[in-house]
Amino acid sequence: MNSIRYFLIIFSFISFPLISFASGDKNPEKEFNVSEMIMHHVKDAHEWHLWGGELNGVSIYLPVILYDNEVKVFSSENFYHGEHIVAADHKTHQPISYLKGKGEATGYGMFHEKIYKLEKNQLNFEDGHVHGNIQPIDLSITKNVTSLFIGAIIILILILSMARFYKSNGAVAPKGIAKFIEPLVVVIRDDIAKENIGHGKHHKYVPYLLTIFFFIWFNNLLGLIPIFPGGANLTGNITITFFLALCTLILTLFSSNKNYWKHIFATPGVPVALMPIMIPIEIVGIFTKPFALTIRLFANITGGHIIILALISIIFINKNIAWGALSVPMALFISCLEMLVAVLQAYLFALLSALFIGAAVEEAHH
Amino acid sequence: MDLVTPDLGLLFWTGLVFCLLLFVLTKFAWKPILKMVNEREQKISEALDLAEKTKAEMQAMQSENEALLKEARAQRDSMLKDAKNVSDKMIEEAKEKAKSEAQKIVNSAKDSINSEKLQAMNELKTHVAGLSLEIAEKIIRTELSTDDKQKALAEKMADDINMN
């Protein structure tokens, strides 16, 4: 009985994109553009589109925060409900449309979710890119930032309620949420930290690994929920994965010992003649590891989103609901796979972080 | 291209949120949780150790009990044996005593019987001797009542002497 209920919950999550995209991205005037729709979904935005088309759509307009000599805060509605300008490219002379801000956003234009300062009251384009317009520092609460906040709040509520359980009950057998989280905590402590960093030295890294694991996992899952408050491609955003990998890199470098640097600058067992080749390779190696972390998470999550959206798009490309018989089961399958990928990538990120830290704190073998 | 270009604003917010999350969770969640989990694991391993120890103790006690029981049994057996020996001895002694007493009684009875018998025999002897004398007197008187008879006797005696 329970498994049926879980299945229905999962199924309802998965079947929602049908509804949202069916109404959301259908534009009766324009030809349905798959790649545009997919790119629009996997990229960040200054609004959170809920449902509806261009004319009758419902969106949450998120706050825009600009730093342009002074801090400016206003609603992104000033762009989305501003002027739709069609300009000509200076080189290719193709028409390009952008949004010109109104009200508090006057003097700014938005092209592909990037905000530029208007020069002579317009944006200038060359080869399809904005040319000659200054980009103010954009610290807006975008869709991804909102999703980040929601994810952080969910994690805080879950984990802190687990901590409260222990606080009020002492060291007893876990119940409720603690029962669910504790095995994961133990796995990360024992199988990831203790195994890869080394006994005795792993203690101070366990909180970081736990935070990384739950942050990635919960945000992955949140991204798989097609409706608000999910559906943002947060962990499939290169900025997020870059930042997380950067944290691991910084932690690795700060906890590295003499042995780690000795392996880089004087690899034992390598002839001196090879050193000019080995040292650059080893130095590059320091950065390729977190770079691989960045790309792995980004590509996995973005790829998952793209596949699901592409499968759903089959219906709209063919303009026939009967194609749903093909695309829905396939999207369902991929969605289930993505739920596995969500936890797998979180686990892998934590595991590889632990591995890199472990290599940095490893003592010389005798 | 902007799909793979990090965005400054998002980087700022991610950094802020992640660092805050890391700080808050470490301070208020992970450390207390890990402490409790460690504590519980320690408690469990201690309890297991204690159980193991108790089991060993129980086993030791059991074997001790068994040894004790065995000893007690042996003691009882030896006590029983001793008692039996003693009782046997006592019975034997009693028997011996009874026997010797009986012997004594029998002996004294025999002695008195013998002496009584002797006395009786003596009495009987004297009595018989008296009686015999009397009878002999009577017979002799009868034998020697007539001359013929005296003569015949004399002859016979003479015959006996002659024949010798």
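The residue numbers shown here count from 1 along each chain, following its written sequence. Numbering of ligands from 1 and lettering of chains from A proceed in the order in which they are written. Predicted model: local features are reported for residues with pLDDT of at least 70 only, side-chain atom pairs are reported and counted for 80 or more only, and whole-chain, interface and lining totals are derived from all residues. Each side-chain value is derived from all of the structure's non-hydrogen atoms; neither hydrogens nor water enter the calculation.

(A) Representation of the overall build of chain A in the model. In terms of helices and strands, chain A carries 10 helices and 11 strands. Across its three principal directions, the C-alpha atoms of chain A cover 70 × 65 × 40 Å. Classification of residues uses two cut-offs on accessible area relative to the type maximum, computed with a 1.4 Å probe and protein chains only: under 20% is buried, over 50% is exposed, and between them is partly exposed. Across the 366 residues that make up chain A, the buried fraction comes to 48%. Note on contacts: a residue pair qualifies if any of its non-hydrogen atoms lie within 4.5 Å across the two residues. In chain A, the proportion of contacts linking residues at least 24 apart, taken out of those at least 6 apart, comes to 60%. Secondary structure counts use DSSP, requiring at least four H or I residues in a row for a helix and at least two E residues in a row for a strand, with both numbered from the N terminus.

(B) Summary view of the side chain of Asp 68 of chain A. All names here are of chain A. With respect to the element layout, Asp 68 can be found in strand E3 (residues 63–68). A relative accessible area of 13% places Asp 68 in the buried class. When neighbours within four sequence positions are excluded, Asp 68 is seen to be in contact with Tyr 108, Lys 117 and Pro 136.

(C) Region of the structure containing the sheet that holds strand E5 (residues 83–88) of chain A. All names here are of chain A. The sheet built from 4 strands is open, its strands ordered E5-E6-E7-E8 with antiparallel pairing. Every interior strand has two partners, whereas the edge strands, E5 and strand E8 (114–117), have only one. For this sheet, the mean angle separating the axes of adjacent strands, direction not counted, is 40 degrees. Between any two strands, pairing holds if DSSP finds at least two bridges. With 4 bridges connecting them, strand E7 (residues 108–111) and E8 associate as antiparallel partners. Bridged to Tyr 108 within E8 is Lys 117. In this analysis an axis means a line fitted to C-alpha atoms, helices contributing only their contacting stretch, and an angle means the value between N-to-C directions, from 0 to 180 degrees.

(D) Molecular detail of the domain arrangement of chain A. All names here are of chain A. What marks off one domain from the next here is an automatic or database domain assignment. Splitting chain A by domain gives domain 1 (2–141) and domain 2 (144–361). Taken over C-alpha atoms, the centre of domain 1 sits 28 Å from the centre of domain 2. Counting residues at the interface gives 23 residues for domain 1, matched by 31 residues for domain 2. Accessible-area loss on putting two parts together, using a 1.4 Å probe and summing over both, is the definition of buried area adopted here. Here domain 1 meets domain 2 over a buried area of about 2500 Å², counting both sides, of which 80% is carbon and sulfur. For this analysis, a salt bridge means a side-chain nitrogen from Lys or Arg found within 4 Å of a carboxyl oxygen belonging to Asp or Glu. At the junction of domain 1 with domain 2, the criterion picks out 0 salt bridges. For the purposes of these results, a polar contact is taken to be a pair of N or O atoms within 3.5 Å, where, inside protein, one atom must be able to donate a hydrogen and its partner to accept one; residues adjacent in sequence count only when each atom of the pair is a side-chain atom. Where domain 1 meets domain 2, there are 4 residue pairs in polar contact (both at pLDDT 80 or more). Of all the secondary structure elements, the ones that give two or more residues to the side of domain 1 that touches domain 2 are helix H1 (2–24), helix H2 (34–42) and strand E1 (47–51).

(E) Looking closely at the interface of chain B and chain A. Contacts between the two partners involve 34 residues from chain B, matched on the other side by 51 residues from chain A. In total, chain B and chain A occlude about 3700 Å² of area from one another, counting both sides; carbon and sulfur atoms represent 81% of this. On the chain B side of the contact with chain A, Leu 3, Phe 18 and Trp 30 of chain B bury the most area, a combined 19% of that side's loss. At the boundary of chain B with chain A, the tally comes to 2 salt bridges. In this structure, Arg 189 of chain A engages Glu 41 of chain B in a salt bridge whose closest nitrogen and oxygen atoms are separated by 2.9 Å. Its residues assigned to classes, the side of chain B that touches chain A shows 22 nonpolar, 6 polar and 6 charged. In this classification, the charged set is Asp, Glu, Lys and Arg, the nonpolar set is Ala, Val, Leu, Ile, Met, Phe, Trp, Tyr, Cys and Pro, and all remaining amino acids, among them Gly, are polar.

(F) A look at the environment of His 90 of chain A. Residue and element names in this part refer to chain A. Mapped onto the fold, His 90 is located in the loop between E5 and strand E6 (95–100). Contact partners of His 90, with chain neighbours within four places excluded, come to Asn 124, Phe 125 and Glu 126. Here the side chain of His 90 touches Asn 124 through a polar contact of 3.4 Å, side chain to side chain.

(G) Representation of the pattern of salt bridges within the structure. Residues and elements named next belong to chain B. Per the stated rule, a full pass over the model turns up 7 salt bridges over all chains. A salt bridge links Arg 141 to Glu 137, with the shortest nitrogen-to-oxygen separation between them at 2.9 Å. Separated by 4 residues within a single helix, Arg 141 and Glu 137 lie in helix H1 (residues 8–143), roughly one turn from each other. Given a relative accessible area of 55%, Arg 141 falls into the exposed group.

(H) Seen up close, the packing of helix H7 (residues 238–255) of chain A against helix H9 (residues 275–318) of chain A. All names here are of chain A. Relative orientation of the contacting elements H7 and H9 amounts to 150 degrees, with a least axis distance of 8 Å. Relative to H9, the element H7 is oriented roughly antiparallel. Crossing geometry of H7 relative to H9 is assigned as right-handed. For the pair H7 and H9, the contacting residues are Ile 238, Thr 241, Phe 242, Leu 244, Ala 245, Thr 248, Leu 249 and Leu 253 in the first and Ile 286, Phe 287, Pro 290, Leu 293, Thr 294, Ile 295, Leu 297 and Phe 298 in the second. Each residue belonging to the contact of H7 with H9 can be placed in one class, and the counts come to 13 nonpolar, 3 polar and no charged. For classification, angles of less than 35 degrees are called roughly parallel, those exceeding 145 degrees roughly antiparallel, those between 65 and 115 degrees roughly perpendicular, and all remaining angles oblique. With the far helix as reference, a near helix turned anticlockwise by less than a right angle produces a left-handed crossing, and one turned clockwise produces a right-handed crossing.

(I) The arrangement of the packing of aromatic side chains in detail. For this analysis, a ring pair means two rings from Phe, Tyr or Trp (six-membered ring only for Trp) whose centres lie within 6.5 Å, classed as stacked if their planes differ by under 30 degrees, edge-to-face if by over 60, and tilted for the remaining angles. Applying the stated criterion to the full structure yields 21 aromatic pairs over all chains. Ring centres 6.4 Å apart and planes at 35 degrees place the aromatic pair Phe 180 of chain A and Trp 217 of chain A in the tilted group. Separated by 37 residues along the polypeptide, Phe 180 of chain A in helix H5 (residues 177–197) and Trp 217 of chain A in helix H6 (residues 206–224) bring together distant segments of the chain. Taking relative accessible area as the criterion, Phe 180 of chain A reaches 43% and is therefore assigned partly exposed. Between Phe 12 of chain B and Trp 13 of chain B, the aromatic rings sit 5.1 Å apart at their centres with planes inclined by 70 degrees, giving edge-to-face as the arrangement.

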